[in-house]
Amino acid sequence: QVQFVESGGGLAQPGGSLRLSCAASGSIFSIHTMGWYRQAPGKQRDLVASITSGTNTNYADSVKGRFTISVDNAKNTVYLQMNSLKPEDTAVYYCYFLGSLVADTAWKNYWGQGTQVTVSS
């Protein structure tokens, strides 16, 4: 079993900043990639950013230069620093990791419960 603790979501003004964090715990055997997806109402869930092996990052074009992903491997925690926020960043943000568990060594995606980010004046 895996548990996620997400925090940092909320309301921000356009141009403002928020920092999301997500800590994964439980019977985790290994983590290959951690990251964030987001889903706006009526839209599909899209990748925002991911980080692999603690150093290789990937960003959606819409957030490049504004968002920064980082990870604390010792704590199985991923962060998303979001600057210069825009109304179109409004969505539920879901953290995830690609990895394996002690009881299930097949690599799978495991998902957090999501946190709401609203950008509005």
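See above for the structure.
Nothing here was measured: the structure is a model prediction, and the numbers come from that model.

Asks: What's the story with the packing of aromatic side chains in this structure? I'm lost.
Replies: Geometrically, a pair of aromatic rings is defined through the distance of the ring centres and the angle of the planes. By the definition in use, this model includes five aromatic pairs. The structure contains a cluster of three or more aromatic residues connected by ring pairs, namely Phe4, Phe97 and Tyr110. Note that Arg45 overlies the ring of Tyr94, its terminal NZ or CZ placed 3.7 Å from the centroid. The aromatic ring of Trp111 is capped on one face by Arg45, whose charged end is 4.9 Å from the ring centroid.

Asks: Looking at this model, I keep getting lost on the sheet that holds strand E7 (residues 67-72). Mind explaining?
Replies: The pairing of strands in a sheet happens through backbone hydrogen bonds and is either parallel or antiparallel. The four strands are arranged E1-E3-E8-E7 in an open sheet whose pairing can be described as antiparallel. Either end of the sheet is taken by a strand with one partner, and the two such strands are strand E1 (2-7) and E7. Averaged over all pairs of adjacent strands, the angle between strand axes in this sheet comes to 15°, irrespective of strand direction. In this sheet, strand E8 (residues 77-82) lies alongside E7 in antiparallel orientation, the contact comprising six bridges. Pairing of Val71 across the sheet is with Val78, part of E8.

Asks: Please explain the nonpolar core as it appears in this structure.
Replies: If you look at soluble globular proteins, the nonpolar side chains tend to sit buried side by side. One finds Trp36, Leu80, Met82 and Tyr93 to be the most contacted residues of the largest nonpolar core, which totals 30 residues. Elements that contribute at least two residues to this core include exactly strand E3 (18-26), strand E4 (28-39), strand E5 (46-52), E7, E8, strand E9 (91-101) and strand E11 (115-119). For this core, the element with the highest residue contribution is E9, accounting for five residues.

Asks: What is the right way to look at the state of the cysteines in this model?
Replies: Note on terminology: a disulfide is the covalent bond linking the sulfur atoms of two cysteines. Within the structure shown, the criterion is met by one disulfide. There is a disulfide in this structure between Cys22 and Cys95, and the S-S distance comes to 1.9 Å. On the criterion of sequence distance, the pair formed by Cys22 in strand E3 and Cys95 in strand E9 is long-range, its members being 73 residues apart. Each member of the pair Cys22 and Cys95 is classed as buried.

Asks: Can you help me understand the pairing of strand E6 (residues 56-59) in this one?
Replies: Side-chain positions along a regular strand alternate between the two faces of the sheet. Across four bridges, the pairing between E5 and E6 is antiparallel. Bridge assignment links Thr52 to a residue of E6, and that residue is Asn56. Linking two consecutive strands that pair antiparallel, namely E5 and E6, is a turn of three residues; a positive phi of about 55° is found at Ser53 within it.

Asks: Explanation requested: the side chain of Thr52 in the structure shown.
Replies: Here Thr52 shows up in strand E5. Among the residues examined, Thr52 registers a relative accessible area of 18% and is labelled buried. Apart from residues lying up to four places away in sequence, Thr52 is in contact with His32 and Thr33.

Basis of the calculations
Residues numbered from 1 in each chain as written. Predicted model: local features only at pLDDT ≥ 70, side-chain atom pairs only at ≥ 80, totals over all residues. Heavy atoms only, no water. Phe/Tyr/Trp six-rings, centres within 6.5 Å; stacked < 30°, edge-to-face > 60°. Lys NZ or Arg CZ within 6 Å of the ring centre and 35° of its normal. Pairing = 2+ DSSP bridges. Helix = DSSP H or I, 4+ residues; strand = E, 2+ residues; numbered from the N terminus. Axes fitted to C-alpha atoms, helices over the stretch in contact; angles between N-to-C directions. Core = buried A, V, L, I, M, F, W, Y, C linked by side-chain atoms within 4.5 Å. Buried < 20%, exposed > 50% of the residue type's maximum accessible area, 1.4 Å probe, protein only. Disulfide = S-S within 2.5 Å. Contact = heavy atoms within 4.5 Å.

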